[in-house]
Amino acid sequence: MSTTSPELPTEDYKPVSFSQTILTELMIPAYSNFGGKIHGGILLSLMDKVAYVCAAKHAGNYCVTASIDTVNFLAPVEVGELVSLMASINYVGNTSLVVGIRVISENVKTNQVKHTNTCYFTMVAKDDFNNPVKVPGLILENREQLRRFIEAKSRKEIRGNYRKELEAVNIPEKDEQCMQLLAGERCRISG
Ligand SMILES: CC(C)(COP(=O)(O)OP(=O)(O)OC[C@H]1O[C@@H](n2cnc3c(N)ncnc32)[C@H](O)[C@@H]1OP(=O)(O)O)[C@@H](O)C(=O)NCCC(=O)NCCS
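Scoring rules and cut-offs
Residues numbered from 1 in each chain as written. Predicted model: local features only at pLDDT ≥ 70, side-chain atom pairs only at ≥ 80, totals over all residues. Helix = DSSP H or I, 4+ residues; strand = E, 2+ residues; numbered from the N terminus. Rg over C-alpha atoms; globule rule 2.2 N^0.38 Å. Buried ≥ 20, exposed ≤ 12 C-beta atoms within 10 Å, placed from the backbone. Contact = placed C-beta atoms within 7 Å. Pairing = 2+ DSSP bridges. UniProt positions renumbered as here; feature names shortened; annotations may be inferred. Core = buried A, V, L, I, M, F, W, Y, C linked by C-beta atoms within 7 Å. Expected span 1.5 Å × (residues − 1). Near = placed C-beta within 6 Å. Nonpolar A, V, L, I, M, F, W, Y, C, P; charged D, E, K, R; others polar.

A few points about the overall build of the chain
Helix and strand content of the chain: 3 helices and 8 strands. Starting at the N terminus, the α and β elements of the chain follow one another as β-β-β-α-β-β-β-β-β-α-α. Taking 16 Å as the expected radius of gyration for a compact globule of 191 residues, we find that the chain reaches 21 Å, considerably beyond that expectation. Counting all 191 residues of the chain, 27% fall into the buried class. Excluding contacts between residues fewer than 6 apart, the proportion of contacts in the chain whose partners are at least 24 apart in sequence is 69%.

Next up, the structure:
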């Protein structure tokens, strides 16, 4: 795993490039499922690892995974391929930060490169007493990083609304009312 540190951090702010991290790993047979493809869980574990490195480097503290935004597996990964995970801080809140991760898989014989995942990990920095602790601000170095920051802010707002809408979902008291609500769905109530 390599991290690049092109410039020293300023006092309370660190540039995105300070903590950008790339993790490359060979997909060995032990990582495969019965279908011969790489387990989704292996990729999730690698994403968690690279998210931690990137977040801890920016925070200068121990970090925990608070949540993972939608993970879509866009293409299967094969045994023998080289998987690279590129992690970058997209957004910082007060004690939380969002790490964006792009995953690509490369066939070393054909040089074919597939984009297999993009996902977003929210990590929270912790102090020595396990309390959330403030993270440094973020210096955005180009338009791409500015776009990612704005998109992450929007995702956070949308998630907040989504949570509120879910909480507002009303489950009717009577089974018949529930079944009316579920008309056309492929379920039935036993008994
Ligand atoms: C995530 C955790 C730190 C939140 O703790 P908390 O006491 O609820 O902290 P707060 O409410 O003060 O929130 C702290 C920050 O986390 C963010 N946060 C909390 N829960 C979150 C969630 N589910 N998703 C995204 N962000 C979350 C808050 O928005 C806040 O961000 P901000 O400071 O930038 O505004 C705590 O629940 C925890 O330690 N969970 C276990 C984490 C863990 O073990 N991960 C490994 C999983 S195997």
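Past the structure itself, the notes keep going.
Quick notes on the pairing of strand 5 (residues 82-92)
Burial runs high along strand 5: 8 of the 11 residues are buried. Summarising the sheet, strand 3 (residues 21-26) and strand 5 pair through 6 bridges and their orientation is antiparallel. Residue pairing in the sheet places Glu 25 in a bridge with Val 83 of strand 5.

Observations regarding the UniProt feature "domain: HotDog ACOT-type" (unreviewed entry) in the chain
Mapped onto the present numbering, the UniProt feature "domain: HotDog ACOT-type" (unreviewed entry) falls at residues 17-129. The span residues 17-129 is 18% helical and 43% strand by assignment, and the distance between its end C-alpha atoms comes to 29 Å.

What to know about the environment of Ser 67
If you trace the backbone, Ser 67 turns up in strand 4 (residues 62-68). A residue is classified by how many C-beta atoms lie within 10 Å of it, and Ser 67, with 12 of them, is exposed. Through-space distance from the C-alpha of Ser 67 to that of Leu 166 is 17 Å; in sequence the pair is 99 residues apart.

Details of the nonpolar core
Judged by nonpolar contacts, the single largest core of 35 residues is most densely connected at Met 47, Val 50, Ala 51, Leu 85, Leu 97, Val 99 and Ile 101. Among the elements of the structure, helix 1 (40-59), strand 5, strand 6 (96-106) and strand 7 (113-126) are those that each provide at least two residues to this core. No other element matches the 9 residues that helix 1 contributes to this core. When near neighbours in sequence (up to four residues on either side) are disregarded, Val 99 contacts Ala 51, Cys 54, Ala 55, Ala 87, Ile 89, Asn 90, Phe 121 and Met 123.

Brief notes about helix 1
With 20 residues, helix 1 should cover 28 Å at 1.5 Å per step; its first-to-last C-alpha distance of 28 Å lies within 8% of that length. Among the residues making up helix 1, those that are buried are Leu 43, Leu 46, Met 47, Val 50, Ala 51, Val 53, Cys 54, Ala 55, His 58 and Ala 59. Where helix 1 terminates, the next one or two residues include Gly 60, which has phi positive at roughly 70 degrees.

Comments concerning the site of the ligand
The environment of the ligand is formed by Val 64, Thr 65, Ala 66, Ser 67, Gly 93, Asn 94, Thr 95, Ser 96, Thr 122, Val 124 and Pro 132. When residues of the shell around the ligand are traced back to their parent elements, those giving at least two are strand 4 and strand 7. Broken down by element, the residue count for the shell around the ligand peaks at 4 residues, all from strand 4. When the residues that make up the shell around the ligand are grouped by side-chain class, the tally is 4 nonpolar, 7 polar and no charged.

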